[in-house]
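Here are the chains, one letter per residue:
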Amino acid sequence: MSSSTLTTSTPKPAGRTRLERLLRPKSIAVFGGSQAAAVVKQCRKMGFAGDLWPVHPTKDEVEGISTFRSVAELPAAPDAAFVGVNRFLTIEVIAQLAARGAGGAICFASGFLEAGNDDADGERLQAELVTAAGAMPVIGPNCYGLINYADGALLWPDQHGGQRLAPDGRGVAIITQSSNIACNLTMQKRGLPVAFLMTAGNQAQTGLSEMALGLIEDERVSCLGLHIEGFDTVDGFERLAARARELNKPIVAMKVGRSEQARKATISHTASLAGSDAASDAFLKRLGIARVDTIPSLLETLKLLHALGPLPGFTLSSMSCSGGEASVMADSAEGRRVRFPALKPDHYARIKSTLGAFVAVANPLDYHTFIWNDEPAMTATFTAMASGSFDLNMLVLDFPRNDRCSDADWWPTVRAFEAALKANGASGAVVASMSENLTEEHAADLFAHGIVPLQGIAEAMDAAEAAAMIGEAWARPVAAAVGGAYAGSEGGGAPTTLDEAAAKSLLRDAGLAVPAGRRVASVGEAIAAADALGYPVALKALGVAHKSELGAVRLNLRTGEDVGAAALALLPLGFGLYVEEMVLGGVAELIVGVTSDPLFGPVMTIGSGGVLVELLKDSATLLLPAARGEVEATLKGLKMYPLLQGYRGRARADVGAAIDAIMAISGFVSHHADAIEELDINPLIVCGEGQGAWIADALLVTA
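All figures in this text were calculated on a predicted structure; none of them were measured in a lab.

Q: Would you take a moment to explain the sheet that holds strand β14 (residues 290-291) for this structure?
A: In any sheet, the strands associate via hydrogen bonds between backbone groups, in a parallel or an antiparallel arrangement. An order of β9-β8-β11-β10-β12-β13-β14 is seen for the 7 strands of this open sheet, with the pairing classed as mixed. Edge positions in the sheet fall to β9 (153-155) and β14, since each of these pairs with one other strand and no more. In the packing of helix α5 (residues 179-186) onto the sheet, contacts are made with β8 (146-148), β10 (171-176), β11 (194-199) and β12 (221-228), and the angle to β11 comes to roughly 160°.

Q: Where do I start with the pattern of salt bridges in this structure?
A: Working definition: two side chains of opposite charge can pair if their charged atoms are close together. All told, the structure shown has 33 salt bridges when counted by the stated rule. The shortest N-O distance in the salt bridge between aspartate 403 and arginine 401 comes to 2.8 Å. Accessibility expressed as a relative area gives 55% for aspartate 403, which makes it exposed. By relative accessible area, which is 44% here, arginine 401 ends up partly exposed. Residue aspartate 499 is joined to arginine 519 by a salt bridge in which the shortest nitrogen-to-oxygen separation is 2.8 Å. With aspartate 499 in the loop between β20 (496-498) and α17 (500-509) and arginine 519 in strand β21 (residues 517-520), this residue pair connects regions lying 20 residues apart in the sequence. Assessed through its relative accessible area of 46%, arginine 519 is described here as partly exposed. Connected through shared salt-bridge partners, Glu20, Arg24, Asp151, Asp218 and Arg220 make up one network.

Q: When you look at the sheet that holds strand β24 (residues 577-581) in this model, what are you seeing that I'm missing?
A: Strand order in the open sheet formed by 4 strands is β21-β24-β22-β23, and the pairing between neighbours is antiparallel. The strands lining the two open edges of the sheet, one partner per strand, are β21 and β23 (553-557). Shown here is a sheet whose adjacent strand axes are inclined to one another by a mean of 15°, direction ignored. Seen against the sheet, α17 touches β21, β22 (537-541) and β24 and runs at an angle of roughly 40° to β24.

Q: Teacher, can you tell me more about the nonpolar core here?
A: Grouped burial of nonpolar side chains is what soluble globular proteins tend to show. Of all hydrophobic cores here, the largest spans 112 residues; its most connected members are Ile28, Ile175, Leu224, Leu226, Phe237, Leu240 and Phe283. Beyond its immediate sequence surroundings of up to four residues, leucine 240 is in contact with Ser209, Ala212, Leu213, Ile216, Leu224, Leu226 and Ile251. In this structure, Leu498, Tyr641, Ala661 and Ile676 belong to the second largest nonpolar core, which totals 40 residues.

Q: Would you mind showing me how to read the environment of tryptophan 411 here?
A: Residue position: tryptophan 411 is located in helix α14 (residues 411-424). The class of tryptophan 411 is buried, set by a relative accessible area of 14%. Once the C-alpha coordinates of tryptophan 411 and leucine 446 are considered, the two residues, 35 residues apart in sequence, prove to be 9.9 Å apart. If near-sequence neighbours (up to four positions away) are discounted, tryptophan 411 is found in contact with Phe399, His442, Asp445, Leu446 and His449.

Q: Honestly, the state of the cysteines in this entry has me stumped. Any pointers?
A: Structurally, a disulfide amounts to a covalent bond that connects the sulfur atoms of two cysteines. According to the stated counting rule, one finds 0 disulfides in the structure shown. Cysteine 405 carries a free sulfur, and the closest cysteine sulfur to it, the one in cysteine 321, is 15 Å from it.

Q: Looking at this structure, how should I read the confidence of the model for the chain?
A: Low pLDDT means the predicted atomic positions in that stretch should not be read closely. Across the chain, the average pLDDT comes to 91, with 93% of residues at or above 70. Predicted confidence for residues 1-14 stays below pLDDT 50, and this span has 44 contacts to residues more than four positions away or in other chains. Counting contacts from residues 487-491, a segment whose pLDDT is below 50, to residues more than four positions away or on other chains yields 4 contacts.

Q: Help me out: how do you make sense of the pairing of β22 in this one?
A: A regular strand places its side chains on the two faces of the sheet in alternate fashion. Within β22, 5 of the 5 residues are buried, which leaves it mostly tucked inside the rest of the structure. Residues Val537, Leu539 and Ala541 point to one face of β22 and Ala538 and Lys540 to the other, with burial holding for every one of them. Of the pairings in the sheet, the one linking β22 to β24 comprises 5 bridges and is antiparallel in character. In the strand pairing of β24, valine 537 is matched with glutamate 581.

Q: I tried to follow the packing of helix α10 (residues 295-308) against helix α16 (residues 457-475) on my own but got confused; where do I start?
A: For any two helices packed against each other, the geometry is given by the interaxial angle and the distance between the axes. Packing of α10 against α16 leaves a shortest axis separation of 8 Å and a crossing angle of 55°. With respect to their mutual orientation, α10 and α16 come out oblique. Here α10 and α16 pass one another in a crossing that is right-handed. Between α10 and α16, the contacting residues are Pro296, Ser297, Glu300, Thr301, Leu304 and Leu305 on the first element and Glu459, Asp462, Ala463, Ala464, Ala466, Ala467 and Ile470 on the second.

Q: I keep staring at the packing of aromatic side chains and nothing clicks. Help me out?
A: For any two aromatic rings, the description comes down to two numbers: the centre-to-centre distance and the angle of the planes. Inspection of the entire model under this criterion finds 11 aromatic pairs. Centre to centre, the rings of phenylalanine 82 and phenylalanine 108 are 5.8 Å apart; their planes meet at 45°, and the pair counts as tilted. On the criterion of sequence distance, the pair formed by phenylalanine 82 in strand β5 (residues 80-84) and phenylalanine 108 in the loop between β6 (105-107) and α4 (120-133) is long-range, its members being 26 residues apart. Between the aromatic rings of phenylalanine 108 and tyrosine 144, the centroid separation amounts to 5.8 Å while the plane-to-plane angle is 45°, which identifies the pairing as tilted. Here phenylalanine 108 is found in the loop between β6 and α4, whereas its partner tyrosine 144 is found in the loop between β7 (138-139) and β8, with 36 residues between them in sequence. Following the ring pairs from residue to residue traces out a cluster consisting of Phe82, Phe108, Tyr144 and Trp156.

The rules behind these values
Residues numbered from 1 in each chain as written. Predicted model: local features only at pLDDT ≥ 70, side-chain atom pairs only at ≥ 80, totals over all residues. Heavy atoms only, no water. Pairing = 2+ DSSP bridges. Helix = DSSP H or I, 4+ residues; strand = E, 2+ residues; numbered from the N terminus. Contact = heavy atoms within 4.5 Å. Axes fitted to C-alpha atoms, helices over the stretch in contact; angles between N-to-C directions. Salt bridge = Lys/Arg side-chain N within 4 Å of Asp/Glu carboxyl O. Buried < 20%, exposed > 50% of the residue type's maximum accessible area, 1.4 Å probe, protein only. Core = buried A, V, L, I, M, F, W, Y, C linked by side-chain atoms within 4.5 Å. Disulfide = S-S within 2.5 Å. pLDDT = per-residue confidence, 0-100. Parallel < 35°, antiparallel > 145°, perpendicular 65-115°, else oblique. Left-handed = near helix turned anticlockwise from the far one by under 90°. Phe/Tyr/Trp six-rings, centres within 6.5 Å; stacked < 30°, edge-to-face > 60°.

Written out as structure tokens, the structure reads:
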């Protein structure tokens, strides 16, 4: 873990938080046996300059330091304590520390709430622990603790692979909900400078978002990485994201749970598309927190954010002396938002003038081996390439292994790239196709040259995309707070599913675009209703979910005779019929659905609608309330959006009316959030320009 850094800034005093003394202690008390001894050993090894106070009832010394028999004997209230005793004694020690006025404690012991139903004492003990702590911050239980590499303060009961941050250095902060992942992270050899590493454990009293807020206030922290299994509170993460933006300290998260099934089985299409992970993804995007899927991508993204901060956009350049590498780089951008834009004619000419006639100029660029180890020639080519105002310039460069080979000929390439970046005021990264081909020592050297060392092509793409996503999010106004957790009805009864007639009546009365329709109970009533509404009409069986699959809907009925025959066939399928004006001139069908998430409140899904909705899986998720710009951007991000724009000569759709309809649905749900469990509109038929967008089917589940 190098203390190198590319960023320079005027240091600001660390903000005071409830965790100030715990995170940056000047005195540490330790309780327990081997784990407590390990904490003392690691603090001394790392050069902690504060006081170390071992507490043990029988031992006279721990790691050569005289012990105290109890909390009461300590010379003062410690800023931080590592409590490494059994779960029952932990509660006693925490109570004594709180009474003494300690700054906070790490609770190492397990056997609390994480033990689940197999341990009847776990839940009770965790509640007692929280009560014993009172206002004193407690991290855990069931956690390894905290490593402060900036001050050499380690409340950490084991070996680790990190090193002390230089006095004037900056580094990243990382919080993980897994102690073993934290141990592994300390062993990384990627050159990532780390200022703080923290484990969250059970979050019995102090949640992930509060820990993160405490860390980003430190002037020595450049950015934040999170491993998230679950969010502690919505408003806590909203405060964290807002403060991170104020401090210009970007956040990247590895949120696990993409493989989770939808949180419950329901009768609507929406619930099958909008599981809790989709809501989590929408929440992180709303906050401007980038999301990655793997530990290597988390580390590479942190390196990029530490060095450069958010990227202003998604455009990349790539240079390599291999056509194969250029092809791999190009392929790696497929399906991503980051891209390698084609070179403009004048830019092409500048690059071409620096290379031989046999070199095909493009982006990604294979500059061939003709100029390898010719530093002036490489500088000219790299400078010409980096003059294209790309958001990030990449140089693919795998270093030879130093135990068997020499890397001497590689450094002219690095110096040429450094000169090109400086000449253009551009940002750049060296990308090794294999992580082992860019060592920790190489990474430190590249950082010193003002170049970000990235290991792995896919990971480099993840990092660039994440940094650009944060830049894009920070360019927008701060999003409104999400709707919040679903409160439910006062009676707490079972949800009630309204039939289509009742659901549409409520939506129509609220001013939403619903075609005129009537509930009927017989063939005669159906014909009379159709005559009154005007032909053509649609006829549906009420009380039937997924009507198309069961043949419970008939469309485009143009005569009373057609209506009568259809009514006779549909009456046995449900509990009455619904006759409705036929929506004509449809260009495309959307699904607009809302489910109530227990953490985030109303969650809206927008996607390609109709009978193939679950097969196509062309959808996106928003948290409510959503701004009109968010809805428009979501529509534009769908694969089916070209249909709305008049794909291959088709009629253009009334996109404005579609957005109006979605915003009206959002408003209706927000107004009745505590009463609505689920709303499924499929399809929302979007007609041609000037003809509106209409709710053709609706399913409403009330709490």
